[in-house]
Amino acid sequence: MVQYKLTYFNARGLAEICRQLFYLAGVEFIDERLDEEGFAKLKSSLPTGQVPILYIDNVPFSQSTAIARYLARKFGFVGKTAEEELLADSIVDTFKDFIESFRKYVVAALTGKGEEKMKEIRENIMKPAVATYFQYLNKILEKSESGFLVGSQLTWADLVVADNLTTLINAEFMDVGKEKMLAEFREKIIETPKLKEWIDKRPVTRF
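Residues numbered from 1 in each chain as written. Predicted model: local features only at pLDDT ≥ 70, side-chain atom pairs only at ≥ 80, totals over all residues. Heavy atoms only, no water.

As annotated in an unreviewed UniProt entry, the protein carries the name glutathione transferase and is attributed to Caenorhabditis briggsae. Turning to the protein, the UniProt record has this under Sequence similarities (unreviewed entry): "Belongs to the GST superfamily. Sigma family." (UniProt positions renumbered as here; feature names shortened; annotations may be inferred.)

A. Representation of the packing of helix α1 (residues 16-25) against helix α6 (residues 156-170). Remark: α1 packs on α6, axes separated minimally by 10 Å, with the N-to-C direction vectors making an angle of 130 degrees. As summarised for this structure, α1 and α6 are arranged oblique, according to the angle between their axes. Crossing hand, α1 versus α6: right-handed. Judged by residue contacts, Glu16, Ile17, Gln20, Leu21 and Leu24 of α1 engage Trp156, Leu159, Val160 and Asp163 from α6. For the contact of α1 with α6, the per-class residue count stands at six nonpolar, one polar and two charged. (Axes fitted to C-alpha atoms, helices over the stretch in contact; angles between N-to-C directions. Helix = DSSP H or I, 4+ residues; strand = E, 2+ residues; numbered from the N terminus. Parallel < 35°, antiparallel > 145°, perpendicular 65-115°, else oblique. Left-handed = near helix turned anticlockwise from the far one by under 90°. Contact = heavy atoms within 4.5 Å. Nonpolar A, V, L, I, M, F, W, Y, C, P; charged D, E, K, R; others polar.)

B. Expanded view of the packing of aromatic side chains. Taken as a whole, this structure holds eight aromatic pairs when the rule is applied. When the ring of Tyr4 is compared with that of Phe22, the centres are 5.2 Å apart and the planes differ by 55 degrees; the resulting orientation is tilted. In this pair, Tyr4 is assigned in strand β1 (residues 4-9) and Phe22 in helix α1, connecting sequence segments 18 residues apart. Assigned by exposure class, Tyr4 and Phe22 land together as buried. Through a chain of ring-to-ring contacts, the aromatic side chains of Tyr4, Phe22, Phe29 and Phe75 assemble into a single cluster. Over the ring of Phe173 we find Arg122; its NZ or CZ atom is 4.1 Å from the centre of that ring. Here Lys188 stacks its cationic end above the ring of Phe148, 4.5 Å away from the centre of that ring. (Phe/Tyr/Trp six-rings, centres within 6.5 Å; stacked < 30°, edge-to-face > 60°. Buried < 20%, exposed > 50% of the residue type's maximum accessible area, 1.4 Å probe, protein only. Lys NZ or Arg CZ within 6 Å of the ring centre and 35° of its normal.)

So this is what it looks like as structure tokens:
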């Protein structure tokens, strides 16, 4: 039997979608969560000096999106056709473009930047980026007959976006009262029975 170990920090961050895919597929894996000291000890041995890392029979693989795409394809969460797979990939790539803006906010929050600097990032960087991102997602959902972003079943694109919306709600960048379509989409995904099991049992983290 293939042995999987996913190594990351004790956060949802860049590893959460991989954890969700393992759980949805019913595939056992080691969920290794590092503290700063543990990461420092491990860093020099990592392919890129970064996490997450997926070990497959002790062979390490890096890059969060590549790992998530691999697992989604292996476990059947990329869509039913090549075109659905393409749409799922394009949604995830759009998320990645957006997250570059959000990363500046996260770094500022974690490094204790002052209130004035945080306000500047929110107003000048985050709010415009969030507006563009939400407009893109709403257009896709408006055309969806299933409530999913791609086709008629759950894909990794749904997982990526739903988890990100959770983060945006926690950081007060999304008003569920105003963004009703996105809020309903998020609820649909996180209430998926198997996924809800994972969400209820996982450690609670800010990001």
